[in-house]
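Structure assessment
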Amino acid sequence: RTCGTMTYLEEQKTSDPAGFEKRMKLIEKQVQKFKQNHPNLKTSGPVVITVPVVFHVVWKTSSQNISDAQIFSQIDVLNEDFRRLNADASNTPSWFTSVAADCEIEFCLAQRDPVGNTTTGITRTQTSTTSFSTNDNVKQTSQGGKDAWPRDDYLNIWVCNLGGGLLGYATFPGAAAWRDGVVCAYFSIGRAPDNPFNTVFNKGRTTTHEVGHWFALYHTFQGGCAGTSQSTCPTNGDRVCDTPPTSSSNTGCPSINQNTCTETPTDQNDMHMNFMDYVDDACSNLFTLGQKSRMQAVLGGSRVSLQSSQGCVPPTSVDAGILAIITPNGIVCQSSIIPVVTLKNFGANILTSVTINYNIDGGPNNTFSWTGSLTTPATQDVTLPAITASAGTHTFTSYTTNPNGVSDGNTNNDTLSSSFTVQSIGAALPFFEGFEDP
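Our subject in this report is the structure included herewith. (Residues numbered from 1 in each chain as written. Predicted model: local features only at pLDDT ≥ 70, side-chain atom pairs only at ≥ 80, totals over all residues. Heavy atoms only, no water.)

Quick look at empty space enclosed by the protein
Tallying each qualifying case throughout the model produces 2 cavities of 30 Å³ or more. In this structure, the second largest cavity spans a volume of roughly 60 Å³. Considering each element in turn, the lining of the second largest cavity owes the most residues, 3 residues, to helix α2 (residues 19-37). When grouped by side-chain class, the residues that make up the lining of the second largest cavity number 6 nonpolar, no polar and 3 charged. (1 Å grid on protein atoms, 1.4 Å probe; cavity = no way out; pocket = protein on both sides within 12 Å on 5 of 7 lines; lining within 4 Å. Points joined across faces, edges and corners; volume = space filled by probe spheres on them. Helix = DSSP H or I, 4+ residues; strand = E, 2+ residues; numbered from the N terminus. Nonpolar A, V, L, I, M, F, W, Y, C, P; charged D, E, K, R; others polar.)

Here is the structure:
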């Protein structure tokens with residue numbers, strides 16, 4: 001197994017030496033504080049949290065354009081591994097079963113895209129790029145890849161042909177929003193028979209491993225045998241106390257009795273079957289309670305916005321909203337303003353009527369009754385009756401209510417605001433302009 005995450009992490013530190021490392025240290029402090037304030041995280045999270053996922057398939061050859069079924073099987077693997085419902089959980093050695101964890105995290109393919117439209121949770125982008133690396137070109141449409149969906153609402157997983165023998169890499173919490181997510185080689189997604197590629201990494205555990213990094217988990221062999229005392233493990237190695245240190249990464253399927261480090265006060269065998277080691281897919285089978293507490297702390301801290309994401313909620317039948325404010329925006333030269341807004345049908349049913357509300361600076365509300373026939377996901381620019389504003393800077397707000405005469409199924413996309421400035425009017429004549437000043 002070749003995971004590029006730690007090399008990639010060092011590249012990020014080098015490219016942003018002040019900002020990125022500072023953010024990571026702050027997030028680590030938040031993780032430790034959250035764990036202290038929630039002592040039961042190991043045994044029980046607050047609730048089972050579901051994370052919306054979007055797969056961006058970036059392909060050049062037909063074999064790289066993997067099937068929907070292969071992606072569906074990957075979602076199944078994630079849900080099984082993070083809930084300890086994996087069939088091979090029974091392979092966990094008896095001396096580790098007491099710390100094996102149901103992480104109480106689940107995953108769904110997104111059903112709603114960033115603007116509220118129905119989606120399969122899969123995007124497909126044909127590229128001329130032969131292979132990608134940890135330079136993040138796969139995350140940029142302008143570089144032959146695909147731009148990320150908002151990381152506050154989705155886990156972005158890019159699927160592509162990775163060069164250099166890499167199986168995958170991931171961002172730790174603290175990365176720039178456009179980078180945030182996981183990248184996996186196309187042949188490592190999902191499991192057989194939906195994964196048709198005959199390798200030892202065709203059971204979906206590459207994605208499990210990389211999503212672990214995305215939740216701030218380090219490799220279990222981090223730091224080798226250093227910091228083998230229980231008193232130092234929270235800050236050394238992988239910063240988890242119930243994953244015994246291992247001298248180096250493991251490959252293949254080592255003996256379950258392997259022991260490469262001597263810990264105090266109690267020496268233990270290596271936990272090379274942990275998802276955060278490098279063994280073959282068929283030989284990894286657990287996260288631990290300590291790893292669970294780190295992941296739950298991240299979901300309660302730097303990635304807390306995922307808990308309120310609507311990504312897993314399909315669009316409702318009746319849903320209207322303001323997509324854009326065309327005017328007023330920027331500089332306005334008249335006190336009498338004729339607003340123009342873009343109305344969008346986010347719902348599944350045809351939109352035939354809606355009330356468009358609008359005001360300036362939260363003042364008296366004006367209404368306009370729109371009627372028409374707007375299919376999904378069509379838009380229409382609507383000109384509203386004039387409204388008056390004094391000289392100075394103001395906020396214009398517009399929102400929809402009562403679509404098709406009923407309650408809106410999703411109020412999160414109803415409202416939009418813009419800032420504009422009315423220039424002073426009534427300069428004395430004659431007025432001279434020499435045009436010398438830029």
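Observations concerning the sheet that holds strand β13 (residues 379-383)
Taken in spatial order, the 3 strands line up as β7-β10-β13 in an open sheet, and their pairing is antiparallel. At either end of the open sheet lies a strand with only one pairing partner, and these are β7 (320-327) and β13. Within this sheet the neighbouring strands show an average axis-to-axis angle of 30°, counted without direction. In this sheet, β13 lies alongside strand β10 (residues 340-345) in antiparallel orientation, the contact comprising 5 bridges. The residue bridging Val-340 from the neighbouring strand is Thr-383, located in β13. (Pairing = 2+ DSSP bridges. Axes fitted to C-alpha atoms, helices over the stretch in contact; angles between N-to-C directions.)

Some thoughts on the side chain of Asp-277
Note on placement: Asp-277 falls in the loop between α4 (205-214) and α5 (289-299). Since its relative accessible area comes to 1%, Asp-277 is described here as buried. Polar side-chain contacts of Asp-277 include one of 2.9 Å to the side chain of Asn-250. Residues within four places of Asp-277 in sequence aside, it is in contact with Arg-1, His-209, Thr-220, Phe-221, Ser-249, Asn-250 and His-272. (Buried < 20%, exposed > 50% of the residue type's maximum accessible area, 1.4 Å probe, protein only. Polar contact = N/O pair within 3.5 Å; in protein donor to acceptor, adjacent residues only side chain to side chain. Contact = heavy atoms within 4.5 Å.)

Thoughts on the environment of Phe-435
With respect to the helices and strands, the residue Phe-435 is situated in the segment after β16 (415-422). Judged by relative accessible area, Phe-435 falls into the exposed class, the value being 68%. For the pair formed by Phe-435 and Lys-13, sequence separation is 422 residues and the distance between their alpha carbons is 48 Å.

Concerning α2
Here α2 contains 19 residues, and its C-alpha end-to-end distance of 27 Å stays within 8% of the 27 Å for a straight helix at 1.5 Å per residue. Among the residues making up α2, those that are buried are Gly-19, Phe-20, Met-24, Ile-27, Glu-28, Val-31 and Phe-34. Seen end-on, α2 carries its buried residues on one side only, within an arc spanning 165°. Across from the buried face of α2, at angles greater than 90 degrees, the exposed residues are Lys-22, Lys-25, Leu-26, Lys-29, Lys-33, Gln-36 and Asn-37. Considering only its buried residues, α2 is in contact with α1 (5-15) and α5. (Expected span 1.5 Å × (residues − 1). Arc of directions from axis to C-beta.)

Examining the pattern of salt bridges
Oppositely charged side chains can pair when the atoms bearing their charge come close. With the rule as written, the count across this model stands at 16 salt bridges. Its salt-bridge partner being Asp-152, residue Arg-151 comes within 3.7 Å of it at the nearest N-O pair. Linked through salt bridges whose partners overlap, the residues forming this network are Arg-151, Asp-152, Asp-180 and Arg-303. (Salt bridge = Lys/Arg side-chain N within 4 Å of Asp/Glu carboxyl O.)

A look at the state of the cysteines
Tallied over the full model, the rule gives 3 disulfides. Covalently, Cys-225 is tied to Cys-261 through a disulfide, its sulfur atoms 1.9 Å apart. Between Cys-225 and Cys-261 the sulfur-sulfur dihedral comes to about -85°; the bridge is accordingly left-handed. Here the residue Cys-225 occupies a position in the loop between α4 and α5, and Cys-261 occupies one in the loop between α4 and α5, the gap between them amounting to 36 residues. Bridging Cys-253 to Cys-283, the disulfide has an S-S length of 1.7 Å. Between Cys-253 and Cys-283 the disulfide shows an S-S torsion of about 75°. By sign, it is right-handed. Of this pair, Cys-253 sits in the loop between α4 and α5 while Cys-283 is found in the loop between α4 and α5, placing the two residues 30 residues apart along the sequence. According to the relative accessible area criterion, Cys-253 is partly exposed, its value standing at 47%. As a non-bridged cysteine, Cys-3 has Cys-184 as the owner of its nearest cysteine sulfur, 9.2 Å distant. Residue Cys-103 stays outside any disulfide, its sulfur separated by 16 Å from that of Cys-241, the closest cysteine. (Disulfide = S-S within 2.5 Å.)

Focus: the packing of α2 against α5
In the contact formed by α2 and α5, the axes pass within 9 Å of each other and the chain directions differ by 110°. Considered as vectors, α2 and α5 are oriented roughly perpendicular to each other. Here Glu-28, Val-31, Gln-32, Phe-34 and Lys-35 of α2 lie close against α5, whose contacting residues are Ser-293, Arg-294, Gln-296, Ala-297 and Val-298. The residue makeup of the contact of α2 with α5, split by class, is 4 nonpolar, 3 polar and 3 charged. (Parallel < 35°, antiparallel > 145°, perpendicular 65-115°, else oblique.)

What to know about the pairing of strand β2 (residues 105-109)
Burial runs high along β2: 4 of the 5 residues are buried. The handedness of the strand β1 (residues 49-59) to β2 crossover, carried by helix α3 (residues 68-82), is right-handed. (Right-handed = clockwise from strand over helix to strand, strands pointing away.)

Brief notes about the nonpolar core
Core analysis: the largest hydrophobic core is formed by 49 residues, its most contacted members being Val-51, Phe-55, Phe-82, Ile-105, Phe-107, Leu-155 and Phe-215. Among residues more than four places away in sequence, those in contact with Phe-107 are Thr-50, Val-51, Val-53, Ile-75, Leu-78, Asn-79, Phe-82, Leu-155, Val-211 and Phe-215. Ile-322, Val-341, Tyr-358 and Leu-374 belong to the second largest nonpolar core, which has 21 residues in total. (Core = buried A, V, L, I, M, F, W, Y, C linked by side-chain atoms within 4.5 Å.)

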